[in-house]
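If you want the building blocks of each chain, they are given just below.
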Amino acid sequence: MILCENLVKIYKAADIEVVALQGLNLQVEQGEMMAIIGNSGSGKTTLLNMLGGLDRPSAGKLYVDGKDLLKMTDRELTRYKRETVGFIWQNKARNLIPYLTARENVEIPMLLHDPRKKRMRAIELLEAVGLGHRVNSRLEQLSGGEQQRVAIAIALANRPKLLLADEPTGALDTKTSAQIMELLGRLNAELGVTIVIVTHDLNLAKQVKRVVSIRDGRTSSELILREEGETEAEGGPDGAFDTHIEYAVMDRSGRIQIPEHYLEAVGAKDADKVLLRLEDGRIVLLPAKAEKREH
């Protein structure tokens, strides 16, 4: 569904250039539900905007559903945003119009695309997200979790193949967040829609099978959900992710980013170099000061 190769994004303002993405690589399979994590400034929101057609890459390759987003005309990009991708924002104001009912909000994306069947489709979608009893309720009558469910129904209105969720539970409590994640999982299974969740919440990310970590504009590591019976020793230490096995992502030149918690564990977080060793068929990383101790 998604293929990014050496993706670069440079923002220019006056004489200042900011490199938001620095050769990022990513693949997402059709029908997959996965998460992207990263600190503020890591590039995850920039990536989300480009996947959604809201911004264009500066260089590299970006394909979504077989479409080359770098070569799209403005008209083709508008059609792509209407028909291929749906957005769920953390800020519900970007999804919802407060003076309309839940049903009327869901009907809006269908005014041009499916006007004759919009009411029936809106009701079906609200029922699918568990709000069949709230069809005619105005937003002030709905809880935060119910409003986010309306936002999910809106994102699904035009039958997108790709659903992008930007911190979808960021403004919700733990219990409601779990309900929203359960709903997204069910929609993923029942509708086959590909879902990409961008978050900084590790507990949220643990609820999907695959997590991609982005740091400094590059894909840093992938975390894959452990198989039943698989122990931590078999996969190595995973920092905050005791549920997943962590793999460093290596580009074609052999470059990798070492996860920060590994560097912290050996006292090399702020070092400008590390010692490399080949021992028993393994590549071992040590802080540079280890060499001095040995001599």
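We now turn to the structure provided with this report. For clarity, every value in this text was computed on a predicted model and none was experimentally measured. (Residues numbered from 1 in each chain as written. Predicted model: local features only at pLDDT ≥ 70, side-chain atom pairs only at ≥ 80, totals over all residues. Heavy atoms only, no water.)

1. Things to note about a nonpolar patch on the surface
So, point 1. On the surface, Leu276, Leu278, Ile283 and Leu285 cluster together into a nonpolar patch covering about 440 Å² of accessible area.
So, point 2. Elements with a contribution of two residues or more to the nonpolar patch: β12 (274-279) and β13 (282-287).
So, point 3. Inspection of the secondary structure assignment puts Leu276 in strand β12.
So, point 4. When its relative accessible area of 57% is taken as the criterion, Leu276 is described as exposed. (Patch = residues over 30% accessible without salt bridge, like charges linked within 9 Å, V, L, I, M, F, W, Y side chains within 5 Å. Areas by Shrake-Rupley, 256 points an atom, 1.4 Å probe, with all protein chains shown as cover. Salt bridge = Lys/Arg side-chain N within 4 Å of Asp/Glu carboxyl O. Helix = DSSP H or I, 4+ residues; strand = E, 2+ residues; numbered from the N terminus. Buried < 20%, exposed > 50% of the residue type's maximum accessible area, 1.4 Å probe, protein only.)

2. Things to note about unusual backbone geometry
So, point 1. Of note, Arg159 is a non-glycine position whose phi angle comes to about 55°, a positive value.
So, point 2. Checked against the element boundaries, Arg159 lands in the loop between α6 (144-155) and β7 (162-166).
So, point 3. One non-glycine residue, Glu167, adopts positive backbone phi at about 45°.
So, point 4. Note that Glu167 resides in the loop between β7 and α7 (174-191).
So, point 5. Judged by relative accessible area, which is 9%, Glu167 ranks as buried.

3. Overview of the pattern of salt bridges
So, point 1. Evaluation of the coordinates by the stated rule reveals 14 salt bridges.
So, point 2. Taken together, the shared-partner salt bridges in this structure form one network comprising Glu32, Arg210 and Glu222.

4. Overview of the packing of aromatic side chains
So, point 1. All chains considered together, the criterion is met by one aromatic pair.
So, point 2. Between Phe87 and Trp89, the aromatic rings sit 4.4 Å apart at their centres with planes inclined by 5°, giving stacked as the arrangement.
So, point 3. The exposure class assigned to Trp89 is buried, which follows from its relative accessible area of 9%.
So, point 4. Its end group placed over the ring of Tyr11, Lys9 keeps NZ or CZ at 5.0 Å from the ring centre. (Phe/Tyr/Trp six-rings, centres within 6.5 Å; stacked < 30°, edge-to-face > 60°. Lys NZ or Arg CZ within 6 Å of the ring centre and 35° of its normal.)

5. Digging into the environment of Val266
So, point 1. Mapped onto the secondary structure, Val266 falls in the loop between α10 (260-265) and β12.
So, point 2. Residue Val266 is classed as partly exposed on the basis of its relative accessible area, which comes to 35%.
So, point 3. The spacing of Val266 and Ile10 is 256 residues in sequence and 34 Å in space, taken between C-alpha atoms.

6. Some remarks on the sheet that holds strand β8 (residues 194-199)
So, point 1. The strand order across the open sheet formed by seven strands is β6-β7-β8-β3-β9-β10-β11, and the pairing between neighbours is mixed. Every other strand in the sheet has two partners, leaving β6 (85-88) and β11 (244-248) as the edge strands with one partner each. Adjacent strand axes in the sheet meet at a mean angle of 20°, parallel and antiparallel pairs treated alike.
So, point 2. Pairing between strand β3 (residues 33-37) and strand β9 (residues 210-215): four bridges, direction parallel. Considered in β9, the bridge of Met34 is made with Arg210.
So, point 3. Helix-sheet contacts for α6 involve β6 and β7, and the interaxial angle to β6 is about 170°. (Pairing = 2+ DSSP bridges. Axes fitted to C-alpha atoms, helices over the stretch in contact; angles between N-to-C directions. Contact = heavy atoms within 4.5 Å.)

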